Amino acid sequence: MISIETRTDWSRKMILLLMALFTLSTLYAEEPGQSDSILPHRMLLVASEGLYVMERDGSCSWSFNVPPMNGIGAGVFDDLVYDGRALSDGHFLFATHRYLREIDQQGKTVWEYRVKGASKVKSFVLRPEGSLAVLNSGEQAILELERGTGRLLKKIPLPANGSDHTRYNLLRLTPANTYLVALRAENRFVEIDRQGDIQNSYSVPSLPVEAQRLLDGSTLCSGQFGIMRFDPAGKMTWSLNAKDVKDDFPMLLPCGFVPLDKGGILVVNSDWHVKVPGSNRVPLFIVDEAKHIEWTLDVKTFEPWKKSEIDPHSMLKEHRCMVVQILPELKQTENKD
């Protein structure tokens, strides 16, 4: 028979054990909001109709939308958004067919640079000293502008084939202070210096969208062909196409992308002119060097908050995502609302 004293000691030990287990579970619990995360990072999503700050749980904490197309053809719609970025001061920059605009968190225009006639902007980059560079299809040039005024600081000629709509896609800056530009009608990317000299040219099979210079000196390119990487000598060393991921999801039009610090690439899988219902079910994904899909975003995440549009020809909903930017994580004391 167990004595009363022994039973008491046993109860005390059990209580102490449970308290210890509770303490350990608290110490090693995931950070608030991480256990039910849908996204691997906070992100700024740039789509044709606006900008959205996406939180880790898949919600949208901030958004800005341009006027809807309402059946206007995409090629002539002034407000069609191609590029955008969140700034460290809380403002946002975005580029459309006809303008580059800076807005505050209330959506109020701080300043803008606007082209005339049929000319198009589409894309921009922030320069290290605080100025900006934009494309101008009419002038067939890269224009460096003063932020806040749009005053022209420097013009870099960049002649290219095609019309105002098909001449260029996205513009990016390299660590060497040169520019990478997608020449849409020519199916190639070029690297051009600030004197207007072409330093490199990277031919691709079909519509080019974005190129970025990586830390190892290679150049990563996206477009209708998928993703291709070129070494510093211009040799293609890696690629990803629709066949590589066909068992996971349909890869439609890789647009913007982010090389991740821990390896892998976060890619925007745009759905412009989608023809098959349901084929645009994955708008974002992460792929590694071995072409393994590490993460995908279910398009249903957009349903509560994204203002996607119906294509007037196919009558299918298109989400028209363009680029994405990884944002700093919220502090635990910070409220996203």
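All values derive from a computational prediction rather than experimental measurement. (Residues numbered from 1 in each chain as written. Predicted model: local features only at pLDDT ≥ 70, side-chain atom pairs only at ≥ 80, totals over all residues. Heavy atoms only, no water.)

(A) Spatial organisation of the overall build of the protein. A tally of helices and strands in the protein yields one helix and 26 strands. The buried share among the 337 residues of the protein stands at 49%. Taking the intrachain contacts of the protein between residues at least 6 apart in sequence as the baseline, contacts between residues at least 24 apart amount to 43%. With an accessible surface of roughly 17000 Å², the protein has 53% of that area assigned to carbon and sulfur atoms. (Helix = DSSP H or I, 4+ residues; strand = E, 2+ residues; numbered from the N terminus. Buried < 20%, exposed > 50% of the residue type's maximum accessible area, 1.4 Å probe, protein only. Contact = heavy atoms within 4.5 Å. Areas by Shrake-Rupley, 256 points an atom, 1.4 Å probe, with all protein chains shown as cover.)

(B) Highlighting the pairing of strand β23 (residues 293-297). By the bridge criterion, four bridges tie strand β22 (residues 284-287) to β23 in an arrangement that is antiparallel. Each residue of the ladder has a partner; that of Val287, found in β23, is Ile293. Connecting the antiparallel pair β22 and β23 is a turn made up of five residues, with Lys291 showing a positive phi of about 70°. (Pairing = 2+ DSSP bridges.)

(C) How the structure looks around the pattern of salt bridges. According to the stated counting rule, one finds 22 salt bridges in the structure shown. Among the salt bridges present, the one from Arg56 reaches Glu329, with a minimum N-O distance of 3.3 Å. A residue pair is termed long-range when its members are at least 10 positions apart, and Arg56 in the loop between β2 (50-54) and β3 (60-65) and Glu329 in the segment after β26 (321-327) qualify at 273 residues. A salt bridge links Arg147 to Asp89; the shortest N-O distance between them is 3.0 Å. Taken together, the residues Arg147 in the loop between β10 (141-145) and β11 (152-157) and Asp89 in the loop between β4 (81-86) and β5 (92-96) connect sequence positions 58 residues apart. On the basis of relative accessible area, Arg147 is assigned to the partly exposed category, the value being 31%. (Salt bridge = Lys/Arg side-chain N within 4 Å of Asp/Glu carboxyl O.)

(D) Highlighting the confidence of the model for the protein. Chain-level statistics for the protein give a pLDDT mean of 90 and a share of 88% at 70 or above. Throughout residues 1-8 the model reports pLDDT below 50, and contacts reaching past four residues in sequence, or to other chains, amount to one contact. Note on residues 15-35: pLDDT is under 50 here. Beyond four places in sequence and across chains, it has three contacts. (pLDDT = per-residue confidence, 0-100.)

(E) The arrangement of the nonpolar core in detail. Core analysis: the biggest nonpolar cluster contains 26 residues, and Leu44, Leu51, Trp62, Phe92 and Phe94 have the highest contact counts within it. Contributions of two or more residues to this core are made by β1 (42-47), β2, β3, β4, β5, β6 (99-103), β20 (253-259) and β26. Beyond its immediate sequence surroundings of up to four residues, Trp62 is in contact with Leu51, Tyr52, Val53, Phe92, Ile103, Asp104 and Gln105. Grouped together as the second largest cluster of nonpolar side chains are 19 residues, Met43, Ala47, Val258 and Leu297 included. (Core = buried A, V, L, I, M, F, W, Y, C linked by side-chain atoms within 4.5 Å.)

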